[in-house]
Amino acid sequence: MMMTRLNRSFRALSAGAALSILMMAAPAAFAETPKDTLVEGFAIDDIITMDPGEAFELSTAEMTSNTYSLLVRLDMADTSKVKGDLAESWTVSDDGLTYTFKLKPGMKFASGNPITAEDVAWSFERAVKLDKSPAFIITQFGITGDNVTEKAKATDENTFTFTVDKPYAPSFVLNCLTATVASVVDKKLVLDHVKPVTPSADYKYDNDFGNEWLKTGYAGSGAFKLREWRANEVVVLERNDNYYGEKAKLARVIYRLMKESSAQRLALEAGDIDIARNLEPGDLDAVAKNADLASESAPKGTVYFISLNSKNENLKKPEVQEAFKYLVDYDAIGATLIKGIGEIHQTFLPKGQLGALDENPYKFDVAKAKELLAKAGLKDGFSVTIDVRNTQPVTGIAESIQQSVAQAGIKMEIIPGDGKQTLTKFRARTHDIYIGQWGSDYFDPNSNADTFTSNPDNSDAGTVKTLAWRNTFEAPELDKEAKAALLERDNDKRAAMYQDIQKKYLANSPFVFIFQQTEVAGYRKGVSNFKLGPSFDTNYVGTIGKE
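Attention in this report is confined to the structure presented alongside it.

Some points on the overall build of the protein
Part 1 of the reasoning: Regarding its fold elements, the protein presents 20 helices and 19 strands.
Part 2 of the reasoning: By the compact-globule yardstick of 24 Å for 547 residues, the protein fits well, its C-alpha radius of gyration being 23 Å.
Part 3 of the reasoning: The C-alpha extent of the protein, read off along each of the three principal axes, is 65 × 60 × 45 Å.
Part 4 of the reasoning: Evaluated residue by residue, the protein yields a buried proportion of 57% over its 547 residues.
Part 5 of the reasoning: In the protein, once contacts between residues fewer than 6 apart in sequence are set aside, the share between residues at least 24 apart is 70%.

As for helix 19 (residues 476-486)
Part 1 of the reasoning: Three or more residues of helix 19 are buried, namely Leu 478, Asp 479, Glu 481, Ala 482, Ala 485 and Leu 486. What you see down the axis of helix 19 is that its buried residues fit within an arc of 160°, all on one side. The outward face of helix 19, more than 90 degrees from its buried face, is lined by the exposed residues Pro 476, Glu 477 and Lys 480.
Part 2 of the reasoning: Structurally, helix 19 contributes buried residues whose contacts are with helix 7 (170-176), helix 17 (446-453) and helix 20 (491-507).

What about the pairing of strand 12 (residues 293-308)?
Part 1 of the reasoning: Burial analysis of strand 12 places 13 of its 16 residues in the buried class, which makes it a mostly covered element.
Part 2 of the reasoning: Inspection of the sheet shows strand 12 paired to strand 17 (residues 511-524) by 12 bridges, in the antiparallel sense. Looking at strand 17, one finds that Leu 293 is bridged to Arg 524.

A closer look at the sheet that holds strand 4 (residues 87-92)
In sheet architecture, strand pairing relies on hydrogen bonds along the backbone and comes in two forms, parallel and antiparallel.
Part 1 of the reasoning: Sheet architecture is open: 4 strands sit in the order 4-5-7-6, paired in antiparallel fashion. Single-partner strands in this sheet number two, and they are strand 4 and strand 6 (152-156). If you compare each strand with its neighbour and ignore which way they point, the axes differ by 25° on average.
Part 2 of the reasoning: Pairing of strand 5 (residues 98-103) with strand 7 (residues 159-163) involves 5 bridges; the strand directions are antiparallel. Paired with Lys 102 across the two strands is Thr 159, which belongs to strand 7.

A word on unusual backbone geometry
Part 1 of the reasoning: Omega for the bond connecting Gln 392 with Pro 393 falls within 30 degrees of zero, at 10°, which places this linkage in the cis form.
Part 2 of the reasoning: Along the chain, the position of Pro 393 falls in the loop between strand 14 (383-389) and helix 15 (394-406).
Part 3 of the reasoning: Of note in the backbone geometry, Asn 232 takes a positive phi value of approximately 60° without being a glycine.
Part 4 of the reasoning: Topologically, Asn 232 is positioned in the loop between strand 8 (224-230) and strand 9 (234-239).
Part 5 of the reasoning: The exposure class assigned to Asn 232 is partly exposed, which follows from its relative accessible area of 36%.
Part 6 of the reasoning: Not every positive phi belongs to a glycine, and Arg 429 is a case in point at roughly 60°.
Part 7 of the reasoning: Tracing the chain through its elements places Arg 429 in the loop between helix 16 (419-427) and strand 16 (433-439).

Regarding the nonpolar core
Part 1 of the reasoning: Counting 63 residues, the largest nonpolar core has Phe 101, Phe 124, Phe 160 and Phe 162 as the members making the most contacts within it.
Part 2 of the reasoning: Looking at which element gives the most residues to this core, the answer is helix 4 (residues 117-130), with 6 residues.
Part 3 of the reasoning: Those residues in contact with Phe 160 that lie beyond four places of it in its chain are Leu 71, Tyr 99, Thr 100, Phe 101, Ala 117, Val 120, Ala 121, Phe 124, Ala 152, Lys 153 and Ala 154.
Part 4 of the reasoning: The next biggest cluster of nonpolar side chains, apart from the first, holds 55 residues, and it includes Val 287, Val 384, Ile 386 and Val 512.

Notes on the packing of helix 19 against helix 20
The description of two packed helices rests on the angle between their axes and on the distance between the axes.
Part 1 of the reasoning: Where helix 19 meets helix 20, the axes come as close as 9 Å, and the angle between the chain directions of the two elements is 165°. Here helix 19 lies roughly antiparallel to helix 20, going by the angle between them. The chirality of how helix 19 crosses helix 20 is left-handed. On helix 20, the residues touching Leu 478, Glu 481, Ala 482, Ala 484, Ala 485 and Leu 486 of helix 19 are Arg 494, Met 497, Tyr 498, Asp 500, Ile 501, Lys 504 and Tyr 505.
Part 2 of the reasoning: Residue composition of the contact of helix 19 with helix 20, grouped by class: 9 nonpolar, no polar and 4 charged.

Some remarks on the pattern of salt bridges
Part 1 of the reasoning: Considering all chains together, one arrives at 38 salt bridges under this definition.
Part 2 of the reasoning: As a salt-bridge pair, Glu 150 and Lys 153 come within 3.4 Å of each other at their nearest N and O atoms.
Part 3 of the reasoning: You can call Glu 150 exposed: its relative accessible area is 53%.
Part 4 of the reasoning: Classification of Lys 153 by relative accessible area gives partly exposed; the value is 31%.
Part 5 of the reasoning: The partner of Arg 230 in a salt bridge is Glu 233, with the nearest N and O atoms 2.7 Å apart.
Part 6 of the reasoning: A single salt-bridge network, built from bridges that share partners, covers Glu 40, Glu 62, Arg 277, Lys 300 and Glu 519.

Calculation notes
- Residues numbered from 1 in each chain as written.
- Predicted model: local features only at pLDDT ≥ 70, side-chain atom pairs only at ≥ 80, totals over all residues.
- Heavy atoms only, no water.
- Helix = DSSP H or I, 4+ residues; strand = E, 2+ residues; numbered from the N terminus.
- Rg over C-alpha atoms; globule rule 2.2 N^0.38 Å.
- Buried < 20%, exposed > 50% of the residue type's maximum accessible area, 1.4 Å probe, protein only.
- Contact = heavy atoms within 4.5 Å.
- Arc of directions from axis to C-beta.
- Pairing = 2+ DSSP bridges.
- Axes fitted to C-alpha atoms, helices over the stretch in contact; angles between N-to-C directions.
- Core = buried A, V, L, I, M, F, W, Y, C linked by side-chain atoms within 4.5 Å.
- Parallel < 35°, antiparallel > 145°, perpendicular 65-115°, else oblique.
- Left-handed = near helix turned anticlockwise from the far one by under 90°.
- Nonpolar A, V, L, I, M, F, W, Y, C, P; charged D, E, K, R; others polar.
- Salt bridge = Lys/Arg side-chain N within 4 Å of Asp/Glu carboxyl O.

Right, here's the structure in full:
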């Protein structure tokens with residue numbers, strides 16, 4: 001069955017795309033990628049689903065942002081603002097509760113079906129009723145499965161209204177609508193692929209809203225359409241000729257799973273790929289010395305952290321949590337493992353966002369850590385495991401931490417796995433320690449403040465699965481302060497509130513923040529207009545060309 005489906009896919013693609021995919025099996029056999037096709041080497045093993053109502057991984061967000069449309073997007077010319085995507089204009093009611101969007105006329109999905117306000121309303125409805133991980137970005141506005149059809153509705157073919165529960169700062173609401181969970185899906189097409197479901201106490205609807213089909217299917221209207229995703233292997237995007245905006249310059253974009261930096265660099269030098277997305281410092285240096293290659297970089301709103309699961313009785317102790325913050329050799333990591341691809345940053349708000357705290361108070365101090373462990377009744381240390389995605393720099397960071405914690409008597413076993421394996425375990429709260437990364441869902445400090453402090457139901461059955469929940473961490477006072485900051489319309493006062501939250505969080509939380517990412521990529525000089533955006537979902541490929 002798989003081979004038949006694979007062959008059918010090859011027949012449907014052009015010869016150039018088939019050639020590009022075949023390069024994955026025998027990369028040394030080819031010296032140049034097709035002129036109408038961009039091939040990127042990328043660690044895409046974190047992709048679990050392609051349904052925009054469910055996906056919540058960094059790599060998937062890039063695919064979704066290039067294949068689906070939103071009401072509004074981040075304005076790349078000024079990231080403090082948003083600009084219309086499907087929306088031609090919008091207004092906010094005097095009471096600050098109702099947002100009315102007028103759609104651009106004459107737009108179509110990739111299928112050819114017209115884009116209407118009903119599609120927008122149904123997309124919000126399905127995201128809320130599916131209630132997958134990213135749904136909270138919409139439900140935080142008081143939206144539930146019971147009221148969503150009234151709170152998010154089409155008032156005519158080209159008018160959509162969204163009613164929130166409080167008079168939030170408009171920038172917050174609009175920034176949330178730039179998140180990929182707010183992607184607009186083709187209602188007619190998805191309804192053709194719904195699967196019947198028997199309602200239960202946990203899920204009261206009689207269908208899956210096309211979730212099973214959309215895990216690998218496509219129902220969008222972006223510059224590209226999803227042609228194929230094969231887990232841990234390849235993603236193929238194909239130009240959407242029905243796109244209402246400026247048409248993509250290339251016929252297709254292929255993301256090849258390549259996790260090793262050295263393999264990406266060698267493939268780039270050989271011409272087997274056009275862009276290498278996960279280069280480590282040494283390979284980045286090699287790219288800089290190659291006349292046929294160039295590099296691009298951009299500071300990213302992504303922070304890397306070590307998270308300690310409070311289900312583990314030892315890791316639950318505040319003294320142990322603080323001890324770990326003194327058992328990271330930040331200077332060594334900064335000088336080697338993340339050189340050129342990040343900078344040490346010890347708080348949850350990345351630089352560039354309102355209220356970000358630029359303070360790094362923790363230094364590698366074994367004596368201080370031992371003192372704290374002794375206070376916790378663990379002067380002889382303990383044994384623990386750490387789940388690590390087997391890519392760099394996280395593998396190197398894990399090995400560095402394994403060596404440094406050993407100096408305080410902690411025996412830490414590294415459990416490697418691919419992105420899907422480690423994320424699944426992290427999401428199930430069955431890890432001890434996990435090294436992860438978090439990119440803001442929207443360019444507002446609430447995105448990070450909420451996920452790191454909010455945990456309204458700490459049971460395993462909790463449905464608001466923030467990062468605090470994943471580590472069974474409760475901080476009700478900080479959560480309360482974060483929610484108050486959300487309603488503060490004075491930016492200076494709001495920034496001060498977030499700074500206060502971060503200072504308290506530094507001293508008392510199960511998260512050890514290590515660095516903020518600088519995204520880098522190497523590319524062949526025949527590639528034009530390649531730019532990395534400020535967030536994981538703003539790396540657009542529609543404007544890229546090839547000579």
